[in-house]
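Tertiary structure, described
Spelled out, the chains give:
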Amino acid sequence: TLMAHATAGTIFAAADGSAQSFTISISSIAFAGAQTAVSASGLNRTFGVAVDGAGDVFIADPNNSRVVEVPAGGGTQTTVGTGLTSPAGLAMDKAGDLFIVDQVQNQVVEVPAGGGPQITISTGLNSPFGVAVDEMGDVFIADTNNNRVVEVPAGGGAQITIGSGVNRPYGV
């Protein structure tokens with residue numbers, strides 16, 4: 001979740017350890033075009049990045065305990081999610097729901113597209129980091145200090161360990 005792919009062959013990458021996120025235009029395997037900065041202010045050590053269907057970019061800013069949304073084409077950035085301590089990994093499903101890993105609170109929350117209450121979808125984790133969503137809406141979480149990957153089925157239900165004994169997974 002340090003990188004996200006958008007339409008038209010654009011990659012968004014969070015620059016770990018710095019206060020920026022940027023885009024890289026790609027063509028096939030080779031890089032083409034220049035790297036450009038995503039216009040977001042006040043970032044402090046970015047981690048995860050996700051992009052919705054409209055091209056809005058979401059950036060995890062753990063040192064400021066927030067996730068910011070930068071509208072496609074510019075505009076005023078907003079903060080999404082509430083009560084976050086250390087957001088890390090981000091993922092977006094095809095409905096536009098945003099999934100946020102909160103490393104310190106050992107949980108993953110879902111922020112529904114278009115508003116609605118934030119939902120905690122997974123607890124009992126130990127320093128989770130990465131998150132991904134498949135086409136069916138199943139959510140996969142790198143449960144780093146538990147040395148496993150867990151799946152939360154689409155629509156809810158009990159989380160399932162699908163990979164155990166994995167040495168400190170960070171991404172999925």
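Note that the coordinates shown come from a computational prediction; the quantities given were computed from them, not determined experimentally.

Across its full length, the chain holds zero helices and 17 strands. Here the chain holds 172 residues, and 47% of them are scored as buried. A fraction of 32% describes how many contacts in the chain between residues 6 or more apart in sequence connect residues 24 or more apart. By element, 52% of the accessible surface of the chain is carried by carbon and sulfur atoms, the whole surface being about 8,000 Å².

With that out of the way, let us pick up the nonpolar core. Counting residues in each nonpolar core, the largest one holds 15 residues, and the members touching the most others are Ala50, Phe58, Val67, Leu90, Leu98 and Ile100. Among the elements of the structure, strand 7 (57–61), strand 10 (87–92), strand 11 (98–102) and strand 12 (107–111) are those that each provide at least two residues to this core. With sequence-adjacent residues up to four places away left out, Ile100 is seen in contact with Val67, Leu84, Pro87, Gly89, Leu90, Gln107, Val108, Val109 and Val111. Judged by nonpolar contacts, the second largest core, of 11 residues, contains Val131, Val139, Ile141 and Val152.

Across the sheet, four strands lie side by side as 14-15-16-17; this open sheet has antiparallel pairing. Edge strands, defined here as strands with exactly one partner in the open sheet, are strand 14 (131–133) and strand 17 (160–164). Recorded for the sheet is a direction-independent mean angle of 20° between the axes of neighbouring strands. By the bridge criterion, four bridges tie strand 16 (residues 148–152) to strand 17 in an arrangement that is antiparallel. From the neighbouring strand, Val150 faces strand 17, where its bridge partner is Thr161.

Position of Ser127 among the secondary structure elements: in the loop between strand 13 (119–122) and strand 14. For Ser127, a relative accessible area of 19% corresponds to the buried category.

Definitions and cut-offs
- Residues numbered from 1 in each chain as written.
- Predicted model: local features only at pLDDT ≥ 70, side-chain atom pairs only at ≥ 80, totals over all residues.
- Heavy atoms only, no water.
- Helix = DSSP H or I, 4+ residues; strand = E, 2+ residues; numbered from the N terminus.
- Buried < 20%, exposed > 50% of the residue type's maximum accessible area, 1.4 Å probe, protein only.
- Contact = heavy atoms within 4.5 Å.
- Areas by Shrake-Rupley, 256 points an atom, 1.4 Å probe, with all protein chains shown as cover.
- Core = buried A, V, L, I, M, F, W, Y, C linked by side-chain atoms within 4.5 Å.
- Pairing = 2+ DSSP bridges.
- Axes fitted to C-alpha atoms, helices over the stretch in contact; angles between N-to-C directions.

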